[in-house]
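Report on the structure
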Amino acid sequence: MVLTAPSILSANFLELGREIKETEEAGADLFHIDAMDGSFVPNITIGYFIVEHVKKAASLPLDVHLMIERPDRYIKNFIDAGADILTVHYEADRHLNSTLNLIKSLGAKAGVSINPSTPVSALEDVLHDADVVLLMSVNPGFGGQRFIPHSLKKIAALKSMITQKGLTGTKIEVDGGVTVGNAADVIGAGADILVMGSAFYNSENYKETIKAIRAKAQAHGR
Ligand code: DX5
Ligand code: ZN
């Protein structure tokens, strides 16, 4: 089954409680939460304090994406705040295997993310420690950017690497510029979780947006 993860970065923060409720009523599967530090990426967004508040309002799992340098320093804070999946960047962490195992030892699912310029082959020696691989399909930092078409090849390459290694439980998450219009291609290439920020929160009808994604997934038998 393909899961949809609306990214609250594009939600109306003055109405966050209502946005959370409407996202759940629309049939989403996860909340994607982007934490940025102004150093790894040129933007500063959400810290663990906000995650803690979202946790109180949400019943869906929280999928927290850390775009911060040396994320190992903050793993416990984000898990204590309520992260169910915690993803760190390959480019930002020196001892990735240890960080992923730390995440799992604290009870969350561990994700590793790569930027558009990092090849999938970089994941060769870390894949076995990850529950989720988050492929960035834009350069991280902001919502509302255009999907980089080359990402489709990376999704397919990752899918075959996962299959080859027999790691069938490892999920592929795609983040950046995903829309109802390109969802079929993203799913067809092998994505399991679709992050959607602006395309979800700027849509007229959240329920219809989720329905449209489900229809694309079903057309692929997933
Ligand atoms: C970008 C973030 C994304 C962002 C996606 O750096 O990691 O999660 O919220 O937003 P859209 O779907 O608008 O590209
Ligand atoms: Zn993200």
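Residues numbered from 1 in each chain as written. Chains lettered and ligands numbered in written order. Predicted model: local features only at pLDDT ≥ 70, side-chain atom pairs only at ≥ 80, totals over all residues. Heavy atoms only, no water.

With that settled, consider the nonpolar core. Grouped together as the largest cluster of nonpolar side chains are 61 residues, with contacts concentrated most on Val64, Leu66, Leu86, Ile103, Leu158 and Leu194. Among all residues touching leucine 86, those that are not within four sequence positions of it are Val64, Leu66, Ile75, Phe78, Ile79, Ile103, Lys109, Ala110 and Gly111. Residues Leu30, Ile85, Val132 and Val195 belong to the second largest nonpolar core, which totals six residues. (Core = buried A, V, L, I, M, F, W, Y, C linked by side-chain atoms within 4.5 Å. Buried < 20%, exposed > 50% of the residue type's maximum accessible area, 1.4 Å probe, protein only. Contact = heavy atoms within 4.5 Å.)

Here the focus is the coordination of the zinc ion (ligand 2). Ligation of the zinc ion (ligand 2) by protein atoms is provided by His32 (NE2), Asp34 (OD), His65 (ND1) and Asp175 (OD), these donors lying 2.0 to 2.3 Å from the ion. Geometry at the zinc ion (ligand 2) is octahedral, judged from the six donor atoms that bind it and their angles of 70 to 171 degrees at the metal. Sequence positions of the donors to the zinc ion (ligand 2) reduce to the motif H-x1-D-x30-H-x109-D. Taken together, the residues span a long stretch of sequence, with aspartate 34 in strand 2 (residues 31–36) and aspartate 175 in strand 7 (residues 171–175) at a distance of 141 residues. Here aspartate 34 falls in the buried class, since its relative accessible area comes to 5%. Among the residues examined, aspartate 175 registers a relative accessible area of 7% and is labelled buried. (Donors = N, O, S within 2.8 Å, 3.2 Å for Na, K, Ca; no water. Tetrahedral: all angles 85-135°; square planar, octahedral: opposite > 155°, others 65-115°. Helix = DSSP H or I, 4+ residues; strand = E, 2+ residues; numbered from the N terminus.)

Enumeration according to the criterion identifies five aromatic pairs in this entry. Geometrically, the ring pair formed by tyrosine 48 and phenylalanine 78 is edge-to-face, given 5.5 Å between the ring centres and 90 degrees between the ring planes. Taken as a pair, tyrosine 48 in helix 2 (residues 48–57) and phenylalanine 78 in helix 3 (residues 75–81) lie far apart in primary sequence, 30 residues in all. Classification of tyrosine 48 by relative accessible area gives partly exposed; the value is 34%. (Phe/Tyr/Trp six-rings, centres within 6.5 Å; stacked < 30°, edge-to-face > 60°.)

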